[in-house]
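# A look at the structure
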Amino acid sequence: MALTQVSSNKCAGGFQKVFEHDSTELKCKMKFAVYLPPKAETGKCPVMYWLSGLTCTEQNFITKAGSQLAAAEHGIIIVAPDTSPRGCDIEGENESWDFGTGAGFYVDATEDPWKTNYRMYSYVTEELPKLINANFPTDPDRTSISGHSMGGHGALICALKNPGKYKAVSAFAPICNPVQCPWGQKAFSGYLGSDRSTWEAYDATVLAASYSGPQLDILIDQGRDDQFLSASQLLPDNLIAVCSEKKIPVVFRLQPGYDHSYFFIYSFMNDHIKHHAKFLNA
């Protein structure tokens, strides 16, 4: 499991790094970003995974979200993978921005020609954590997950599908009910096929309805002026309704005036890292 360092920059007293490796799940070279807080030089730190949204790489979060100061303060390693396999030469993978490259949707594809490479769910929940724990000073028992939009969907499903694996979960403007929205329907029919019952395994609203496990504290921020909220791509109300019915603690904050961009994420990043720190450093 060899890692090649692509870049390293001193940041907030620690280091923001990017590495490349050959992924066994995705059968291609993959990059991921890792922030190592000052505390990582002397001891083991908890890890927060960040999953980005459509069209993103590992770069968007580390250059725009402003996470490093808070991560340094709370002694949290932050790992930000890419959003899909890259350079697999699959016909059609670069045809649209919301499917294929940059749009892995954090599922394990079952349909040709995607099923060999498009296994982002297993990459994020299995391969990447093993790689991180083998190469960095982590405490594997203290892990959490967060993300934005498609990545918010990813964070929620990873937490709901693996009770106890993640100590906390949060999301910015997540796709909460993908089986009911155009983005999700397009991605799931392509990756998972036409049988809609298979889609439900990757839908946070459906998963929340059958969740049984340790208490999972969810924080969700959503911009009220988000164009994708009004286009019914995100559907947070569906998830909130199920969570209140199932007594899953969720703090949902509708933030007036904010849109879907990293300007919104930057504005509330500190709150999210604080939320994670509460459970990771308990």
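Here, the structure is the one placed above.
What counts as what
- Once a new chain begins, its residue numbering starts again from 1 and follows that chain's sequence as written.
- It should be noted that, the model being predicted, local features are given only for residues of pLDDT at least 70 and side-chain atom pairs only at 80 or more, the latter also being counted only at that level, while totals for whole chains, interfaces and linings use all residues.
- The basis for the side-chain values is all heavy atoms of the structure; hydrogens and waters are excluded.
- The working definition used for a salt bridge is a side-chain nitrogen of Lys or Arg within 4 Å of a carboxyl oxygen of Asp or Glu.
- Secondary structure follows DSSP: runs of H or I at least 4 residues long count as helices, runs of E at least 2 residues long count as strands, and numbering of each begins at the N terminus.
- The buried label goes to any residue with under 20% of its type's maximum accessible area, the exposed label to any with over 50%, and the partly exposed label to all in between, with areas taken from a 1.4 Å probe on protein chains only.
- Here a strand pair is declared whenever DSSP counts at least two bridges between the two strands.
- To be clear, the arc concerns the directions from the helix axis to the C-beta atoms.
- Only heavy atoms matter for contacts: two residues are in contact if any of them lie within 4.5 Å across the pair.

## Quick look at the pattern of salt bridges
Side-chain pairs of opposite charge can arise where the charged atoms are in close proximity. Applying the stated criterion across every chain yields a total of ten salt bridges. D98 is paired through a salt bridge with K186; the nearest N and O atoms lie 2.6 Å apart. Taken as a pair, D98 in the loop between β5 (77-81) and α3 (120-135) and K186 in helix α5 (residues 182-192) lie far apart in primary sequence, 88 residues in all. Taken together, the shared-partner salt bridges connect E25, D108 and R119 into one network.

## Remarks on the pairing of strand β2 (residues 14-23)
The buried count for β2 comes to seven of ten residues, which makes it a mostly enclosed element. Inspection of the sheet shows strand β1 (residues 4-11) paired to β2 by seven bridges, in the antiparallel sense. The partner of S7 across the bridge, within β2, is V18. Following β1, the chain reverses through two residues before pairing antiparallel with β2; A12 in that reversal takes a positive phi of roughly 50°. Sheet topology places β2 next to strand β3 (residues 28-36); nine bridges connect them, and they run antiparallel. From the neighbouring strand, F15 faces β3, where its bridge partner is L36.

## Digging into α5
Every buried residue of α5 is accounted for by W183, G184, A187, F188, Y191 and L192. Buried residues in α5, looked at end-on, bunch into an arc of 105°, giving them a common side. On the buried face of α5, the contacting elements are α4 (150-161) and α7 (227-230). At the exit of α5 stands G193, carrying a positive phi of roughly 95°.

## Some thoughts on the pairing of strand β4 (residues 45-51)
Taking burial as the measure, the seven residues of β4 include seven buried ones, the bulk of the element. Bridging between β4 and strand β6 (residues 138-148) involves six bridges; their strand directions are parallel. The residue bridging W50 from the neighbouring strand is S146, located in β6. Examined bridge by bridge, β4 and β5 share three bridges and lie parallel to one another. For V47, the partnering residue across the bridge sits in β5 and is I77.

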